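Listed here are the chains, written in short residue letters.
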Amino acid sequence: MKLYYAPTSPFARKVRIAIYELGIEALVEFVETDPWTSAELRQLNPLGKVPTFVCGLEQPLFESGLICEYLNQYADGELFPEPGAPRWNVLRRQAVADGVSASAGRLFADERRAANERAATVMERQRQAIDTGLDALERDAAALSDQLADIGSIAVASSLQYLDFRWPDRHWSVTRPALRGWLNDIAQRPSLVQTAYRTIQP
Ligand SMILES: N[C@@H](CCC(=O)N[C@@H](CS)C(=O)NCC(=O)O)C(=O)O
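Presented here is a report on the structure given in the accompanying data block. (Residues numbered from 1 in each chain as written. Predicted model: local features only at pLDDT ≥ 70, side-chain atom pairs only at ≥ 80, totals over all residues.)

## Quick look at the nonpolar core
Working step 1: Core analysis: the biggest nonpolar cluster contains 44 residues, and Val15, Ala18, Cys68, Ile151, Ile154, Val156 and Ala157 have the highest contact counts within it.
Working step 2: When near neighbours in sequence (up to four residues on either side) are disregarded, Ile151 contacts Ala18, Cys68, Leu79, Phe80, Val90 and Gln94. (Core = buried A, V, L, I, M, F, W, Y, C linked by C-beta atoms within 7 Å. Buried ≥ 20, exposed ≤ 12 C-beta atoms within 10 Å, placed from the backbone. Contact = placed C-beta atoms within 7 Å.)

Here it is in structure tokens:
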């Protein structure tokens, strides 16, 4: 099995954490990829995005949640609860965290554009989604697993560490102590240490 990932991608990180939590890291080849330039990636995934996963299926899988669901089934894991309210709550948490990651990724890219190429209203919209998304996660923090035992908790960890990675000086956690406490408690898990974000060297 092969995972195409970028070391800066919060979506690829989610899958990488899940692989470690499922204990199947030795079975996966991790292929570092630049989604902006890789022709190989675009052949595998028509959207040209990471994560992209090549497994025993006829065609590669993409979308981080979908790949995680495949891996969970493959490893007979419990990252996705059985149908019922617990499953929807976990999937909702994953959706909020992924939304925060998506807005953070867009905002980070926009902040690097020349001033005349930026759209202030779009950037404000991303900031707002990050803020209210984090507030929702803070209210829900008691439900997060300190064993990263579900896909919602994994997505939240990936997203919060992405914010710290991109903006170490913006202290999102000043008003969200429960999320920071939880993140501190899990920070030394091997699944997080082994998959830490790092900048791509040119
Ligand atoms: N919804 C997708 C998002 C994947 C995504 O946006 N990946 C980014 C990196 S964080 C990417 O590959 N961007 C390159 C591009 O958009 O061309 C998922 O959950 O996997």
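So, next bit.
## Re the site of the ligand
Working step 1: The ligand sits among 13 residues. The nearest are Ser9, Phe11, Pro35, Lys49 and Ser64.
Working step 2: Of all the secondary structure elements, the ones that give two or more residues to the shell around the ligand are α1 (10–22) and α4 (85–111).
Working step 3: Its residues assigned to classes, the shell around the ligand shows six nonpolar, four polar and three charged. (Near = placed C-beta within 6 Å. Helix = DSSP H or I, 4+ residues; strand = E, 2+ residues; numbered from the N terminus. Nonpolar A, V, L, I, M, F, W, Y, C, P; charged D, E, K, R; others polar.)

## Points about the packing of α1 against helix α3 (residues 64–74)
Working step 1: Packing of α1 against α3 leaves a shortest axis separation of 9 Å and a crossing angle of 10 degrees. One way to sum up the angle between α1 and α3 is to call them roughly parallel. The segment α1 lies against α3, with Phe11, Lys14, Val15, Ala18, Ile19 and Leu22 engaging Ser64, Ile67, Cys68, Leu71 and Asn72.
Working step 2: Split by residue class, the contact of α1 with α3 holds eight nonpolar, two polar and one charged. (Axes fitted to C-alpha atoms, helices over the stretch in contact; angles between N-to-C directions. Parallel < 35°, antiparallel > 145°, perpendicular 65-115°, else oblique.)

## Digging into the sheet that holds strand β3 (residues 52–54)
Working step 1: Spatially, β2-β1-β3-β4 is the arrangement adopted by the four strands of the open sheet, whose pairing is mixed. Since the sheet does not close on itself, it has two edges, and those belong to β2 (29–32) and β4 (61–62), each with one partner.
Working step 2: In this sheet, β2 lies alongside strand β1 (residues 2–5) in parallel orientation, the contact comprising four bridges. Bridge pairing links Leu3 to Phe30 in β2. (Pairing = 2+ DSSP bridges.)

## Observations regarding the environment of Ala187
Working step 1: Structurally, Ala187 is set in the loop between α7 (177–186) and α8 (190–193).
Working step 2: Ala187 sits 26 residues away from Gln161 along the chain, and the two C-alpha atoms are 9.3 Å apart.

## Focus: unusual backbone geometry
Trans is the prevailing form of peptide bonds, just as negative phi is the prevailing case for residues other than glycine.
Working step 1: With omega at 0 degrees, the peptide bond leading from Val50 into Pro51 counts as cis.
Working step 2: Of note in the backbone geometry, Glu63 takes a positive phi value of approximately 80 degrees without being a glycine.
Working step 3: Its location among the elements puts Glu63 in the loop between β4 and α3.
Working step 4: Of the residues examined, Glu63 has 17 C-beta atoms within 10 Å and is grouped as partly exposed.
Working step 5: Non-glycine residue Leu148 carries a positive phi angle of around 45 degrees.
Working step 6: Examined against the element boundaries, Leu148 turns out to sit in the loop between α5 (120–139) and α6 (151–166).
Working step 7: For Leu148, a count of 22 C-beta atoms within 10 Å puts it in the buried group.

Purely spatial values, then, with no claim about function.
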